[in-house]
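Report on the structure
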Amino acid sequence: MRTPAGHRRVGARTLSLLAGVVLALVVPVSAGAQVDEGREPQNGLTRNPLITLFPPDTTTTTMRTTTTSTTASTTTTTSPSSTSTSTTAKSGSPPPTTSRPSRPPRDTSPSPTSPVDLGPALPPAPAPAPATGPSTPPGPPIPAIPSRPSDRPVGPSPSEDAAPRSQPEQAGDLCTIESAEPAARPAPSGRARIDNFSPFRVVKYPCPRAPEVRSVLLGVDRIELTQGGQLVRTIPFAAAGRSVPFEAIAQAVGDPAWINEVEPGLFELAGAFVQDPGTAVTVAAPRVTTLRLLSREGVFFGGRGANARFEGVSVTSWDAQRGAPDEEPTDGRPFVLFQEGSRLDVVGSEMSFLGSDRGSAYGVTWRLGGSTGEVVDSTFAHNFFGVYTFEARDLAFRGNVFRDNILYGFDPHDATTGLVVEDNEAFGNGSHGFIVSRFVVDGVFRRNRAHDNAGNGIVMDFRSDRNMIEANLVENNAGDGIVLLGSGQNTVVDNVVRGNRVGVRVNNLDSNANKVHRNRIEGNKFGLQAYGGAGDLLVTDNVVLDSADTGMMIDAPRSVVRGGEVRGAIRGVDVRTASTLSDLRISEVDHGVVVASTGIAELVRLDVTARLESLRVETGGMVTVSDSRLFPAPPDLGSSEGVPWLPLAGVAAVLIGVMLELLRSRRERRGLPSPLTARIWKRA
């Protein structure tokens, strides 16, 4: 068939246009793909050298002109808040390896989609010009504490919002102890709070500081004293290869303006005491019995890559004007902080009235670089947090008391691993007794007592997985007893949980494959709750007694409740999703098993005795029952009492069958074919 001439012209133009597009794409690839070599992947994806990802809510217009020897590309980007134009001239010679085109500024405004543009061609250029135009105004430099590179996830403390990591430390900002965040920025993350608060910089000099700001820096071969940001004295002192008694350092300083022995055994520290890497200090009775950290700007006790041991000592903040510990944390209080691979041991000591709500200055802190230590038979009281950790490793806490702290009693945080927490007590704290949060994994919590806290007793929060919570006593907390919040593969076994709002609570996404085994859950409003994204929960051989409302509420798909007893409640077990209950005894309840409209329950070998009803299935719910004893018997199981017309329907079906059989027999005797209904009946 012959194509009309008009159609031939359109096809030729189309082919010409396609050829031009292909030529414009292929030539730049062969000439300039090397320009983007070595660019790092973004967000885990390898960056295509010819694809530019523009910010959300951005309209992009690209013009490309290609000649034999030079390619000029112009990109105009228009966003709701800014417009930028950049023009780059590229020749055929390769660019120097030290110079690359800068990327366009990124806009973080929310948008459901981000437009993708093929971008300009990228042949080599001798001197590529950086993109111009407005960009996000830089905030103040954010210092960074040196730490080993790590790909472990980190994040905020419970009261912080997530935000990107802070920028590396800027030159000329080595004196800043605390960087303020602009109000327009989101609240800093846990990492940003650490980077923004760098108390160790108090030993830097020369720096503009108030005259009363003092520091004592212990190095391996010297002691440096600073005042007002200026070095005032250097004392030769051999500290390498040995643990130095604190009183020996005080004697070497010999100046009460820095370290003052008020009376035998009682020392006051009037400035920051900082240990350099490779140093070790012992603060121990009987020579040191009390160490007061004066509530002045910059005062704390800490080290980086250092060792310290407190034994038989009381460490506290001190308000000299009041002649008492500092009870007001809002303006900052002294604290103890060891980081970057340090070891801090606390034995038979008390640390009290320390810390405030600043990055890791919460009271007594181990942070960064796998800092570690052992804490035995000590008391942490009236601190902002009793203790706090961040990226610590293999810490052991045995026989300690965490009491009357402003927020948490015990708070290991981001990527702290291998905790051993045994035989401790947490009570009277302003929130939770024991809480671990954000990737605190592979720990053991055994034989602890958490009671009378304003929050929950023991909490595993945000991907704190594979922990063992065993043989603890958790009672009389204003919140819940044991909480698995967004954390999976934990084992809760042989605990006694009583007198809380909820005994054991499992909820939020990632709360998967947890095991709750052989616990005694008594006298709570709700014995056990599982809901809100939790799943694959295994509940075995628990005894749930005297719940004010419900013994167990299961709203976690694929949960299995096997063995054990529920006794004393309004509702024994409330099933709200697909779950299996087997070998469970339920008694002294108003309603034995309640299957909600969303519930699918499989009941196997249950023994249920209820005051009102043993089984209630709400409209839409589904249940199968096998080998179970239910008293009183549910009216809808094994009885037609609930459907009065059902017997009549059965009789009518039998009569119809008899009539069809008679009709078939008569017609066969006469040699007539049977009607279809009769043949179907015969086959049946």
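Residues numbered from 1 in each chain as written. Predicted model: local features only at pLDDT ≥ 70, side-chain atom pairs only at ≥ 80, totals over all residues. Heavy atoms only, no water.

Per the secondary structure count, the protein includes five helices and 53 strands. Looking at the protein as a whole, 46% of its 684 residues are labelled buried. Of all intrachain contacts in the protein linking residues separated by at least 6 positions in sequence, the fraction that spans at least 24 positions is 52%. When the accessible area of the protein is evaluated, it comes to approximately 31,700 Å², of which 56% is carbon and sulfur surface. (Helix = DSSP H or I, 4+ residues; strand = E, 2+ residues; numbered from the N terminus. Buried < 20%, exposed > 50% of the residue type's maximum accessible area, 1.4 Å probe, protein only. Contact = heavy atoms within 4.5 Å. Areas by Shrake-Rupley, 256 points an atom, 1.4 Å probe, with all protein chains shown as cover.)

Attention now goes to the pairing of strand 30 (residues 434–437). Across the two faces of strand 30 the burial is the same, with Phe434 and Val436 and Ile435 and Ser437 all buried. When strand 30 meets strand 33 (residues 458–461), the two strands line up parallel, connected through four bridges. Bridge assignment links Ile435 to a residue of strand 33, and that residue is Val459. (Pairing = 2+ DSSP bridges.)

What follows is about the nonpolar core. In terms of nonpolar packing, the biggest core is built from 91 residues, with Phe246, Ile249, Leu291 and Phe301 touching the most fellow members. The contact partners of Phe301, leaving out residues within four places of it in the chain, are Phe246, Leu269, Phe273, Gln275, Val281, Val283, Leu291, Phe310, Phe335, Val336, Leu337 and Phe338. Formed by 13 residues, the second largest nonpolar core is a distinct cluster that contains Ile177, Val202, Val203 and Val213. (Core = buried A, V, L, I, M, F, W, Y, C linked by side-chain atoms within 4.5 Å.)

The subject of this paragraph is the state of the cysteines. Counted by the stated rule, this structure contains one disulfide. Disulfide pairing places Cys175 opposite Cys207 at an S-S distance of 1.8 Å. The chirality of the disulfide connecting Cys175 with Cys207 is left-handed, given an S-S dihedral of about -75°. Separated by 32 residues along the polypeptide, Cys175 in the loop between strand 5 (116–117) and helix 2 (190–196) and Cys207 in the loop between helix 2 and strand 6 (214–218) bring together distant segments of the chain. (Disulfide = S-S within 2.5 Å.)

With that settled, the discussion passes to the side chain of Asp326. By secondary structure assignment, the location of Asp326 is in the loop between strand 17 (314–318) and strand 18 (336–339). The buried charged residue Asp326 lacks any salt bridge, with Arg333 as its nearest oppositely charged partner at 5.4 Å. Among all residues touching Asp326, those that are not within four sequence positions of it are Ser295, Ser317, Trp318, Asp319, Gly332, Arg333 and Phe353. (Lys, Arg positive; Asp, Glu negative; His and termini not counted. Salt bridge = Lys/Arg side-chain N within 4 Å of Asp/Glu carboxyl O.)

This part takes up helix 3 (residues 246–253). Every buried residue belonging to helix 3 is among Phe246, Ile249, Ala250 and Val253, and all of these are buried. Seen along its axis, helix 3 keeps its buried residues to an arc of 100°; they face one direction. Positive backbone phi, at 60°, marks Gly254, one or two positions downstream of helix 3. (Arc of directions from axis to C-beta.)

On to the environment of Glu391, then. Tracing the sequence through the fold places Glu391 in the loop between strand 24 (387–390) and strand 25 (396–398). By relative accessible area, Glu391 is classed as buried at 3%. With 21 residues separating them in the primary sequence, Glu391 and Gly370 have C-alpha atoms 5.8 Å apart.

A separate point is the pattern of salt bridges. A full pass over the atoms with the stated rule returns 34 salt bridges. Residue Arg393 is joined to Asp394 by a salt bridge in which the shortest nitrogen-to-oxygen separation is 3.9 Å. One network of salt bridges, in which partners are shared, links Glu374, Arg398, Glu422, Arg446 and Glu470.

On to the environment of Val623. Mapped onto the elements of the fold, Val623 is located in strand 52 (residues 622–626). For Val623, a relative accessible area of 26% gives the class partly exposed. Between the C-alpha atoms of Val623 and Ala601, which are 22 residues apart in sequence, the distance is 4.7 Å.

Time to look at the pairing of strand 10 (residues 259–263). When strand 10 meets strand 11 (residues 266–269), the two strands line up antiparallel, connected through four bridges. Residue pairing for strand 11: Ile259 is matched across the bridge by Leu269. What sits between the antiparallel neighbours strand 10 and strand 11 is a turn of two residues, in which Gly265 has the positive phi angle 90°.

To continue, consider the packing of aromatic side chains. Evaluated as defined, the whole model comprises 22 aromatic pairs. Pairing Tyr362 with Phe385 gives two aromatic rings, centres 4.4 Å apart and planes at 25°, and the pair type is stacked. Separated by 23 residues along the polypeptide, Tyr362 in the loop between strand 20 (350–352) and strand 21 (364–367) and Phe385 in the loop between strand 23 (379–381) and strand 24 bring together distant segments of the chain. The two residues Tyr362 and Phe385 agree in class, both being buried. A connected cluster of aromatic rings, assembled from ring pairs, spans Phe246, Phe267, Phe273, Phe301, Phe310 and Phe338. Lying across the ring of Trp258, Arg214 places its NZ or CZ 4.7 Å from the centre. Over the face of the ring belonging to Trp318 we find Arg292, whose NZ or CZ atom lies 3.7 Å from the ring centre. (Phe/Tyr/Trp six-rings, centres within 6.5 Å; stacked < 30°, edge-to-face > 60°. Lys NZ or Arg CZ within 6 Å of the ring centre and 35° of its normal.)

On to the side chain of Thr226, then. Mapping Thr226 onto the fold places it in strand 7 (residues 222–227). Within the structure, Thr226 has its side chain in polar contact with the side chain of Ser215 (distance 2.4 Å). With sequence-adjacent residues up to four places away left out, Thr226 is seen in contact with Val202, Val203, Tyr205, Val213, Arg214, Ser215, Leu231, Val232 and Trp258. (Polar contact = N/O pair within 3.5 Å; in protein donor to acceptor, adjacent residues only side chain to side chain.)

Structurally, the position occupied by Pro329 is in the loop between strand 17 and strand 18. For Pro329, a relative accessible area of 15% puts it in the buried group. The sequence separation of Pro329 and Asn383 amounts to 54 residues, and the corresponding C-alpha distance is 8.7 Å. Not counting chain neighbours up to four residues away, the residues in contact with Pro329 comprise Gly355, Ser356 and Ile406.

Quick look at unusual backbone geometry now. Pro286 follows Ala285 through a cis peptide bond whose omega is 5°. Within the fold, Pro286 resides in the loop between strand 13 (280–284) and strand 14 (290–294). A positive phi angle is found at Ala415, which is not glycine, with a value near 55°.

It is worth spelling out a nonpolar patch on the surface at this point. Taken together, the side chains of Val654, Val658 and Leu662 make up a nonpolar region of the molecular surface, amounting to roughly 290 Å² of accessible area. Here Val658 shows up in helix 4 (residues 646–669). The exposure class of Val658 is partly exposed, given its relative accessible area of 45%. (Patch = residues over 30% accessible without salt bridge, like charges linked within 9 Å, V, L, I, M, F, W, Y side chains within 5 Å.)

This next bit is on the confidence of the model for the protein. Predicted coordinates in areas of low pLDDT are best not read in detail. Taken as a whole, the protein shows an average pLDDT of 78; of its residues, 69% reach a score of 70 or greater. The low-confidence segment residues 21–172 (pLDDT under 50) makes 263 contacts with residues lying over four places distant or belonging to another chain. (pLDDT = per-residue confidence, 0-100.)

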